[in-house]
Amino acid sequence: MKTSRLLGPQRGRVALALAAAAALSIHAPAAQPPGPNIGIAVRDITPELPIRLAGYAGRKRPADKRDHALQVQALAMQNPSGERFVFVALDNCEVSHAFMQPVRDRLKETLQLEPGTVAVVSSHTHSAPVLDQTLTDMTQPPPADQERIQHYSRSLQNTLVEVVGAALADCQPATLEHGCGRATFAMNRRVYQGDQVVFGDNPDGPVDWDVPVLQVKGTNGTVRAVLFGYACHGTSVRSGDDWYVVSGEYMAYARQHLETHQPGAMALFLTGMGADADPAPRGRLLDAKRHGLELAGAVIGVLGRPMRPVSGPFKLAYDEIQLPLAPPPTREQLDKDAQSNDAHVRMRAAAYLERLAAGQPLPQSVPLPIAVLRLGDDLTFVLMGGEVVVDYSHRLKRVLAADHPWTIGYAYEVPCYIPSARLIKEGGYETDSSMVYYGFYGPFRGAIENQLIQQFESMVAQLRSHP
Ligand SMILES: [Zn+2]
């Protein structure tokens, strides 16, 4: 960047190419200490059939087919000075705090990994198994299906620990390059009808069409891994027979295309902040495959053009922030809701009433893991738990523009949706009606957006090498 600015734009491509070569061969290694060693690992997590799938309240029965294997992949980074961080890309809708507790404990026990150093990023496919203690109020699996869910969950918890260990054991020197493409199938799904916000296609609503890409090469120049992201729900499949087919959705199809294009490399998907976007068009598995093609095409385009070198060790800042909720419901309201015709409303009220009966306080806030992972001064991953709406992605990219931000949602765990101040004012699914599935009375207070942005700004400032 610095060299090309000195040369000026009038020299065109040759000057830029020379500048890039100079930056690579002279400036980058001299300016930055060596970057992290990188390790990768993958495990198969395809469930036995039949099994209940997560993400939609409307499914009537377990899935009895699968379109391809599900995977959990890990990419580990280890600095020359020893610090470690691991991205885990998981083919599932999401994981809860309760589901992750035994995994966190074992990562600490067996690998001495502190909270925050392993970020499980769920792809948010809506065609993968229901997990124990995760969004179970939404799907309400009958007792007959419980045993299989328990069994799959225990096995996945073991595999998560195993894949992290395997990626760390694989760490070796690597070079990193970053770029960004674009795919346009994410569609804002909030449609305004009178004073209501309903589900639909809103081509005027905000979306984030960026496709960030990080290429990892070995010292011999072969591509070992390609990290890529996109900000959109994994809901291409929404009804019919395809609703009962296990699949990793558009992200997994994109991954397959990329691994065919780049044999021997592992492609890992990191979900963005697009919780108020659905793919368009949507309906069948064929739509997921089509979106996978578009996304893979965007990534391949980036890989084929000059990319920015990313150098230097990483630094991590991790925090668990408390996001305040509106005042909890009165006892009267809870008693009324406990008689509701809606089973989800009844279950939420019953859980709150149980807390009161046990002398426990009602939830006043929701804890949310957040993190910033900065590679030298070249790339800044901004990670948030929860189903994060697109306004956060846009605002973080604006306020952190000079830091080359890459925004990631569904990281660590998902307690509920994380709406912006605008959405909290407007209402609708991401603000109000989704909360019942997560067992909370909401909504959040409008101040949570500024609280989060300020916290991220201060974390990034802490990690900058230069003031
Ligand atoms: Zn969702």
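Cut-off values and rules
- Residues numbered from 1 in each chain as written.
- Predicted model: local features only at pLDDT ≥ 70, side-chain atom pairs only at ≥ 80, totals over all residues.
- Heavy atoms only, no water.
- Phe/Tyr/Trp six-rings, centres within 6.5 Å; stacked < 30°, edge-to-face > 60°.
- Helix = DSSP H or I, 4+ residues; strand = E, 2+ residues; numbered from the N terminus.
- Buried < 20%, exposed > 50% of the residue type's maximum accessible area, 1.4 Å probe, protein only.
- Salt bridge = Lys/Arg side-chain N within 4 Å of Asp/Glu carboxyl O.
- Domains from an automatic or database assignment.
- Donors = N, O, S within 2.8 Å, 3.2 Å for Na, K, Ca; no water.
- Contact = heavy atoms within 4.5 Å.
- Pairing = 2+ DSSP bridges.
- Axes fitted to C-alpha atoms, helices over the stretch in contact; angles between N-to-C directions.
- Core = buried A, V, L, I, M, F, W, Y, C linked by side-chain atoms within 4.5 Å.

What follows covers the packing of aromatic side chains. One pass over the structure, following the stated rule, counts 16 aromatic pairs. Geometrically, the ring pair formed by phenylalanine 185 and tyrosine 230 is tilted, given 4.6 Å between the ring centres and 40° between the ring planes. One end of the pair, phenylalanine 185, is in the loop between strand E6 (174–182) and strand E7 (186–188); the other, tyrosine 230, is in strand E11 (residues 223–230), with 45 residues separating them in the sequence. On the basis of relative accessibility, which here comes to 1%, the residue phenylalanine 185 falls in the buried class. For tyrosine 230, a relative accessible area of 1% puts it in the buried group. Between phenylalanine 228 and phenylalanine 269, the ring centres sit 5.5 Å apart and the planes meet at 65°, which makes this aromatic pair edge-to-face. Of the two residues, phenylalanine 228 sits in strand E11 while phenylalanine 269 sits in strand E13 (residues 266–271), which places them 41 residues apart along the sequence.

Counted according to the given criterion, the structure contains 26 salt bridges. Between aspartate 403 and arginine 464 there is a salt bridge, with the nearest N and O atoms lying 2.8 Å from each other. Taken together, the positions of aspartate 403 in the loop between helix H10 (390–399) and strand E20 (405–408) and arginine 464 in the segment after helix H12 (448–463) put the pair 61 residues apart, joining distant regions of the chain. Judged by relative accessible area, aspartate 403 falls into the buried class, the value being 3%. One salt-bridge network, in which partners are shared between bridges, spans Arg189, Arg190, Asp278, Arg282, Asp391, Arg422, Glu426 and Glu430.

The next point concerns the domain arrangement of the protein chain. The domain architecture assigned to the protein chain consists of domain 1 (2–31), domain 2 (37–319 + 367–463) and domain 3 (329–362). The centre of domain 1, based on its C-alpha atoms, is set 35 Å off from the matching centre of domain 2.

What follows is about the coordination of the zinc ion. At this site the zinc ion is bound by His124 (NE2), His233 (NE2) and Glu387 (OE), with donor distances of 2.0 to 2.1 Å. Here the donor residues of the zinc ion are spaced in sequence according to H-x108-H-x153-E. Highlighted residues: histidine 233 in the loop between E11 and strand E12 (245–246) and glutamate 387 in strand E19 (residues 387–388), separated in sequence by 154 residues. By relative accessible area, which is 2% here, histidine 233 ends up buried. On the basis of relative accessibility, which here comes to 3%, the residue glutamate 387 falls in the buried class.

Residue position: glutamine 78 is located in strand E3 (residues 71–78). Expressed as a C-alpha distance, the spacing of glutamine 78 and phenylalanine 314, which sit 236 residues apart in the sequence, is 8.5 Å. Excluding residues within four positions of it along the chain, glutamine 78 makes contact with Pro36, Asn37, Glu83, Arg84, Cys171 and Phe314.

With mixed pairing, four strands are arranged side by side in an open sheet as E1-E3-E4-E5. The two strands at the open ends of the sheet, each matched to only one other strand, are strand E1 (37–44) and strand E5 (118–122). The average angle at which neighbouring strand axes cross in this sheet is 15°, direction not considered. In this sheet, strand E4 (residues 84–90) lies alongside E3 in antiparallel orientation, the contact comprising seven bridges. From the neighbouring strand, glutamine 73 faces E4, where its bridge partner is alanine 89. Running at roughly 150° to E1, helix H5 (residues 143–169) makes contact with E1, E3, E4 and E5 of the sheet.

Let's shift gears to the nonpolar core. Within the largest apolar cluster, 47 residues are counted, with the highest numbers of intra-cluster contacts made by Met384, Tyr392, Leu396, Ile418, Phe444 and Leu452. Counting only elements with at least two residues in this core, the list comes to strand E16 (314–324), helix H9 (343–357), strand E17 (365–375), strand E18 (379–384), H10, strand E21 (417–418), helix H11 (421–426) and H12. Looking at which element gives the most residues to this core, the answer is H12, with seven residues. For this core, the domains that each give at least three residues are domain 2 (37–319 + 367–463) and domain 3 (329–362).

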